[in-house]
Amino acid sequence: MRLNRTCGLAEGDLSDVLSQAEIEALLHDEGAGPGGPSTDAGAPLGARSAVPVRRSINSENSIAYELYDFRRPDKLSKDQLRTLQILHETFGRMAGSSLSAYLRSPVTIDLICFEQVPYEEYLRSINESVFTILTLQPLSGQAVLELEFELAFSVIDRMLGGPGRALKRTSLTDIERPLVRQCIERLFSALKSAWEGVVIVNPIIEGLETSAQFVQIAPPDDIVVTILFEVKVGEQRGAMSLCIPYLVLKPIASKLSAQKWFASGTRKQNVQTKRQIATQIQQSQVECAVKLGSTRISVEDFMGLVPGNIVKLDQPTSQDLLFTVADLPKLHGKPALNGSKLVFTVTSTAE
């Protein structure tokens, strides 16, 4: 529906109301003309005519108007949409890198379209896909991650060691469903990392559907934010979309402004964040090794080694051994025995 911004006139009625002096002059001219109605120039204006008189506007002075659809009101501002767009562009890059390592194939995920539409319109735009119903805890409500069938089957074929062939089917078997969930969970890890600048979310799969009629996460007229991605897995291309109702985003709408988002990114880490990072690092596993020494021998001598041979190393017995963590020198120490086990006694740190 098109509206006139300045005076609320319908489209095509580009006219302006005359001033009172111009109306009086026009009525005076019409009354004095041949065959015109007799009008008393001194009579009050209201007693002369109740018909509004308008004049046309020149094309050089046309009234500006803009398109506005009351069925699709904008819930989020352009600044908030821009922040969400940046977040999901980051999600696409991180998800593509994660799937590339998982599928051992180049994967790129590019954001194509970003808009606010009624939920009913979003469902009508989808033909046949795999719908993952999810929650973004601690946010209330549900969202949908949609993946085209051909793309889903191509990913499954890659996971099982195939070349990534797409199948012409619109259903998932009991074996294929867990494989799709594994792929979606990797996407959720990237989504969680991308959203950390605004809010810490924990995406959880609530259900897996193959028909849009069973995906009812919002009333048909409610506004949802839809993000459309193009996914390339090797030579196969397909579409993926993320649908988030506005009611899910409403509690964090104030945090989606670019100013607050960048401010939160440069904010100093609090004690709780540092403790969480330290806990995650402490649970990581690293490879440790003790270097006994090294030497150089010929290939002929190496091929002739048998159990019982002695190989002379360049490490003096009086010198401490080097302790490495992930091939990086960290400590110096001496070998020792603890019962029947060989242990390492730390004497100093390695510079």
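I will try to describe carefully the structure that is included in this document. (Residues numbered from 1 in each chain as written. Predicted model: local features only at pLDDT ≥ 70, side-chain atom pairs only at ≥ 80, totals over all residues. Heavy atoms only, no water.)

## Considering the sheet that holds strand E7 (residues 142-148)
Worth spelling out the cut-off: A pair of strands is treated as paired once DSSP finds two or more bridges between them. The numbering of helices and of strands both runs from the N terminus, where a helix is a DSSP run of H or I of at least 4 residues and a strand a run of E of at least 2. Every angle, taken between N-to-C directions, lies between 0 and 180 degrees, and every axis is a line fitted to C-alpha atoms, over only the stretch in contact when it is a helix.
An order of E5-E9-E10-E7-E6-E8 is seen for the six strands of this open sheet, with the pairing classed as antiparallel. Here the strands that pair on one side only, and so sit at the sheet edges, are strand E5 (107-118) and strand E8 (202-209). Taking each pair of neighbouring strands and ignoring which way they run, the sheet shows an average axis angle of 20°. With seven bridges connecting them, strand E6 (residues 129-137) and E8 associate as antiparallel partners. Of the residues in E8, the one forming a bridge with Leu134 is Ile205.

## Side note on the sheet that holds strand E11 (residues 288-291)
For sheets, the rule is that strands pair by backbone hydrogen bonds, running either parallel or antiparallel. Strands sit in the order E11-E12-E13-E14 across an open sheet of four strands; the sheet is antiparallel. Both outer strands of the open sheet, E11 and strand E14 (341-349), are each paired with one neighbouring strand and no more. Strand after strand, the sheet turns through a mean of 40° between neighbouring axes, direction not considered. Direction of pairing for E11 relative to strand E12 (residues 321-325): antiparallel, over a ladder of four bridges. Among the inter-strand pairings, Cys288 is bridged to a residue of E12, identified as Val325.

## Things to note about the side chain of Thr132
Operational definition: Per-residue accessibility, obtained with a 1.4 Å probe over protein chains only, is compared with the maximum for each type, and a residue is labelled buried under 20%, exposed over 50%, and partly exposed between these values. Throughout, a contact is declared for two residues whenever any of their heavy atoms are within 4.5 Å.
For Thr132, the position within the fold is in strand E6. Note on Thr132: relative accessible area 1%, which makes it buried. Those residues in contact with Thr132 that lie beyond four places of it in its chain are Ala143, Val144, Leu145, Ile184, Phe188, Ile205, Gly207 and Leu208.

## Some thoughts on helix H5 (residues 149-159)
For H5, the buried fraction is high: eight of the eleven residues fall into the buried class. Taken residue by residue, H5 has Phe149, Leu151, Ala152, Phe153, Ser154, Val155, Ile156 and Asp157 as its buried positions. Residues of H5 that are buried in the fold lie against helix H3 (78-103), E6, E7, helix H6 (176-195), strand E9 (223-233) and strand E10 (236-245). Phi turns positive one or two residues past the end of H5, at Gly161, with a value near 95°.

## Points about the pairing of E6
Within E6, eight of the nine residues are buried, which leaves it mostly tucked inside the rest of the structure. Between the antiparallel neighbours E6 and E7 lie four residues, among them Gly141 with a positive phi of about 100°.

## Considerations on unusual backbone geometry
The amide bond that connects Gln137 to the next residue, Pro138, takes the cis arrangement and shows omega of 10°. Despite not being glycine, Arg104 shows a phi value in the positive range, around 55°. Looking at where Arg104 falls in the secondary structure, it is placed in the loop between H3 and E5.

## Comments concerning the pattern of salt bridges
Operational definition: Salt bridges are defined as contacts in which a side-chain nitrogen from Lys or Arg sits within 4 Å of a carboxyl oxygen from Asp or Glu.
Under the defined criterion, the tally for this structure stands at five salt bridges. The shortest N-O distance in the salt bridge between Glu230 and Arg237 comes to 3.6 Å.

## A look at a nonpolar patch on the surface
Rule in force here: Patch membership requires over 30% relative accessible area and the absence of a salt bridge. Like charges are linked within 9 Å, and nonpolar side chains (Val, Leu, Ile, Met, Phe, Trp, Tyr) within 5 Å. Per-residue accessibility takes into account occlusion by the displayed protein chains alone, with areas from the Shrake-Rupley method and a 1.4 Å probe.
Residues Val290, Leu292, Ile297, Val299, Phe302, Met303, Leu305, Val311 and Leu313 make up a contiguous nonpolar surface patch of roughly 850 Å² in combined accessible area. The biggest single contributor to the nonpolar patch is helix H10 (residues 299-303), with three residues. With respect to the helices and strands, the residue Met303 is situated in helix H10. For Met303, a relative accessible area of 64% translates into the label exposed.

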